[in-house]
Amino acid sequence: MAEESNGKQDEVILSLISHTNVGKTALARTLLRRDVGEVADRAHVTVASEAYTLIESDGLAAKLWDTPGFGSNLAKLAKRIRSSGNPVGWIMHQVWDRFKDESLWCSQEAIRNIKEDADLVLYLVDASQSPGTIGYVDLEMEILSWIGKPVLVFLNQTGRPEPERIAREEEEWRAHLANLDIVKSVSTLDAFTRCWTQEHHILEKAADQLEGEKQKTADKLADAWTQRNLAVFDKSLDEITDLLVFSLLDTEKLKENTVVDKLKNILATNDKDSEMEKVQQNMYKRLAERTAETINRLIASHGLDGQTAKELARTSREEFTFQRNVEESLYAAVGGAVSGLVGGLSADLIAGGATFGGGAILGMILGGGTTYALAKGYNLTQTGANEVRWTEAHFENQLKFIIMLYLAVAHFGRGRGAWQDPENNPSHWEATTDELLRSNKEMLKSLWKLGGAKGNPDKLRKEVRSKVRGLLAGALSKLYPDSERLF
Ligand SMILES: Nc1nc2c(ncn2[C@@H]2O[C@H](COP(=O)(O)OP(=O)(O)O)[C@@H](O)[C@H]2O)c(=O)[nH]1
Ligand SMILES: [Mg+2]
């Protein structure tokens with residue numbers, strides 16, 4: 001193997017191979033963070049092999065070849081190929097017309113690339129189909145065995161990132177390919193829904209198969225790859241921290257009267273209070289704008305095109321405004337404030353020794369079971385002045401929203417096209433996030449208490465960043481236990 005592979009010790013050459021139309025070019029785009037080649041749902045969109053630099057570091061480079069892949073007509077020739085005695089030689093010496101025999105021409109081109117250039121083959125399989133039902137896989141593996149380079153198999157087209165189902169699919173493929181010496185590993189790297197925390201496996205697994213200097217090269221490049229992804233993680237943390245600090249510090253002054261008086265008025269007249277409404281709209285508008293900016297920055301830092309849809313802002317606004325059971329919520333809130341008991345929130349604030357203007361503490365939770373609503377009410381600040389700030393419940397909700405959104409960005413592969421806001425997320429992401437927030441409730445409470453009109457921005461930023469780092473690293477490590485070591 002070592003003699004045949006690319007001789008340069010400072011390069012690792014990976015050839016992307018699969019049956020045509022399985023998603024090689026889409027995966028290349030996801031890994032390279034740019035739109036190389038052409039992606040379309042038909043055979044032989046890519047007709048010539050092309051090399052791209054996956055990563056460079058310290059004079060070392062990993063190259064990724066996107067190839068045309070194997071065509072369907074190859075299977076028809078299986079008998080002749082097998083009986084030829086020297087199958088690879090046989091295929092390479094046929095003269096096929098590029099246009100008339102496109103499928104065979106492409107297969108020849110892919111085989112040439114593996115034979116002449118590759119250190120390793122990254123063979124993609126379409127995980128939406130069961131291995132036993134796909135006729136071409138066995139012949140393609142036979143051809144790869146004749147060439148003899150080590151093969152890393154990756155499942156593509158896995159659909160939603162559902163770990164249990166994907167683990168079963170991996171097992172099925174592992175069993176199907178178990179007798180092949182050339183197959184060194186079977187794992188998942190979906191062009192559409194991979195998480196960046198899975199990408200370093202390519203170069204790590206490559207290093208396992210290489211020897212000597214080339215192995216060291218692959219090891220260093222795997223590390224460089226991880227560092228580059230971690231730099232994006234750090235940048236994302238800065239962006240998310242800025243947003244959370246902004247909302248923790250944001251306040252609005254009220255002109256007169258306590259909030260309780262205002263709410264009593266609203267109840268008595270069964271009318272909306274226009275000042276409260278305005279305050280709420282102002283707070284909301286600022287937060288919605290900052291949130292959209294943050295999301296767009298996250299999208300761009302992850303090498304994706306596109307922007308969050310304005311829809312997001314609109315939906316959240318609707319969730320913010322007085323919507324359902326208004327009287328009921330207000331009554332509960334006012335009643336609670338008057339009796340000095342507005343849920344755990346006010347009790348905690350009292351326990352924390354804070355003093356409040358006129359003794360009025362108000363936690364107002366609107367909406368109820370809305371998912372990731374940006375907004376969920378407001379509260380008097382701890383300054384004692386007639387000011388409002390976002391509630392602790394809102395802060396928790398906002399954290400949940402931004403963690404889930406971060407996960408969506410971290411999984412969104414560029415091969416899928418421009419960014420689209422998630423319509424719904426895998427339920428295990430939500431369970432993971434809820435569990436994280438639940439087990440960190442005290443920590444969230446203390447972060448929230450650092451906010452308000454008198455909060456110290458520098459201290460808050462430092463605290464929020466380190467705590468959010470823990471939460472995001474915790475979520476990714478829970479979803480991908482192997483990635484815990486990255487953080
Ligand atoms: N659902 C899904 N579709 C994919 C994935 N990767 C590629 N595709 C689609 O499969 C088709 C073929 O992709 P392409 O990258 O051109 O395949 P290639 O011939 O192997 O290079 C395109 O319609 C892609 O959008 C994936 O991970 N998930
Ligand atoms: Mg292609």
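These numbers were taken from a predicted model, which means no experiment stands behind them.

Undergrad: For the site of ligand 1, give the residues involved together with the corresponding values.
TA: The immediate surroundings of ligand 1 are formed by 16 residues, with N21, G23, K24, A26 and D190 found nearest. Within the side chain of D190, an N or O atom sits 2.8 Å from an oxygen atom of ligand 1. Taken by itself ligand 1 offers 580 Å² of open surface, and the protein chains cover 85% of this. For the shell around ligand 1, the element with the most residues is helix α1 (residues 24-32), which contributes three residues. Tallied by class, the residues present in the shell around ligand 1 amount to six nonpolar, seven polar and three charged.

Undergrad: Tell me about the pattern of salt bridges, and please be specific about residues and values.
TA: On inspection of all chains with the given rule, the structure shows 30 salt bridges. Its salt-bridge partner being E142, residue R82 comes within 2.5 Å of it at the nearest N-O pair. Within this pair, whereas R82 is found in helix α3 (residues 78-83), its partner E142 is found in helix α6 (residues 136-147), the two being separated by 60 residues in sequence. The class for R82 is partly exposed, based on a relative accessible area of 42%. The shortest N-O distance in the salt bridge between R485 and D482 comes to 3.1 Å.

Undergrad: Which residues make up the sheet that holds strand β6 (residues 183-188), and what values do they have?
TA: Strand pairing in a sheet relies on backbone hydrogen bonds. The paired strands run either parallel or antiparallel. Judged by pairing direction, the sheet is mixed, and its six strands sit side by side in the order β2-β3-β1-β4-β5-β6 without closing on themselves. Lying at the two open borders of the sheet, with one neighbouring strand each, are β2 (50-57) and β6. Across the sheet, the mean angle separating the axes of adjacent strands is 25° when strand polarity is ignored. Pairing analysis gives six bridges linking strand β4 (residues 120-126) to strand β5 (residues 151-156), with the strands arranged parallel. The residue bridging L124 from the neighbouring strand is F154, located in β5. Running over the sheet, helix α5 (residues 102-117) touches β1 (11-17), β3 (60-66) and β4 and is turned about 160° from β1.

Undergrad: Explain helix α18 (residues 457-479) to me, and be specific about the residues and the numbers.
TA: If you check α18, its first and last C-alpha atoms are 32 Å apart, about what 23 residues at 1.5 Å a residue would give, namely 33 Å. Those residues of α18 that fall on the buried side of the exposure criterion are L460, V464, V468, L471, L472, A473, A475, L476, S477 and L479. In this fold, the buried residues of α18 make contact with α9 (212-249), α15 (392-411), α16 (427-439) and α17 (441-449). Sitting at the amino-terminal end of α18 is N456, which places a side-chain oxygen 3.0 Å from the backbone nitrogen of D458.

Undergrad: Go over the environment of E435 with me, naming the residues and quoting the values.
TA: Locating E435 in the fold gives a position in helix α16. Residues E435 and A475, 40 residues apart in the sequence, show an inter-C-alpha distance of 9.5 Å.

Definitions and limits used
Residues numbered from 1 in each chain as written. Chains lettered and ligands numbered in written order. Predicted model: local features only at pLDDT ≥ 70, side-chain atom pairs only at ≥ 80, totals over all residues. Heavy atoms only, no water. Near = heavy atom within 4 Å. Polar contact = N/O pair within 3.5 Å; in protein donor to acceptor, adjacent residues only side chain to side chain. Areas by Shrake-Rupley, 256 points an atom, 1.4 Å probe, with all protein chains shown as cover. Helix = DSSP H or I, 4+ residues; strand = E, 2+ residues; numbered from the N terminus. Nonpolar A, V, L, I, M, F, W, Y, C, P; charged D, E, K, R; others polar. Salt bridge = Lys/Arg side-chain N within 4 Å of Asp/Glu carboxyl O. Buried < 20%, exposed > 50% of the residue type's maximum accessible area, 1.4 Å probe, protein only. Pairing = 2+ DSSP bridges. Axes fitted to C-alpha atoms, helices over the stretch in contact; angles between N-to-C directions. Contact = heavy atoms within 4.5 Å. Expected span 1.5 Å × (residues − 1).

These figures capture arrangement, not role.
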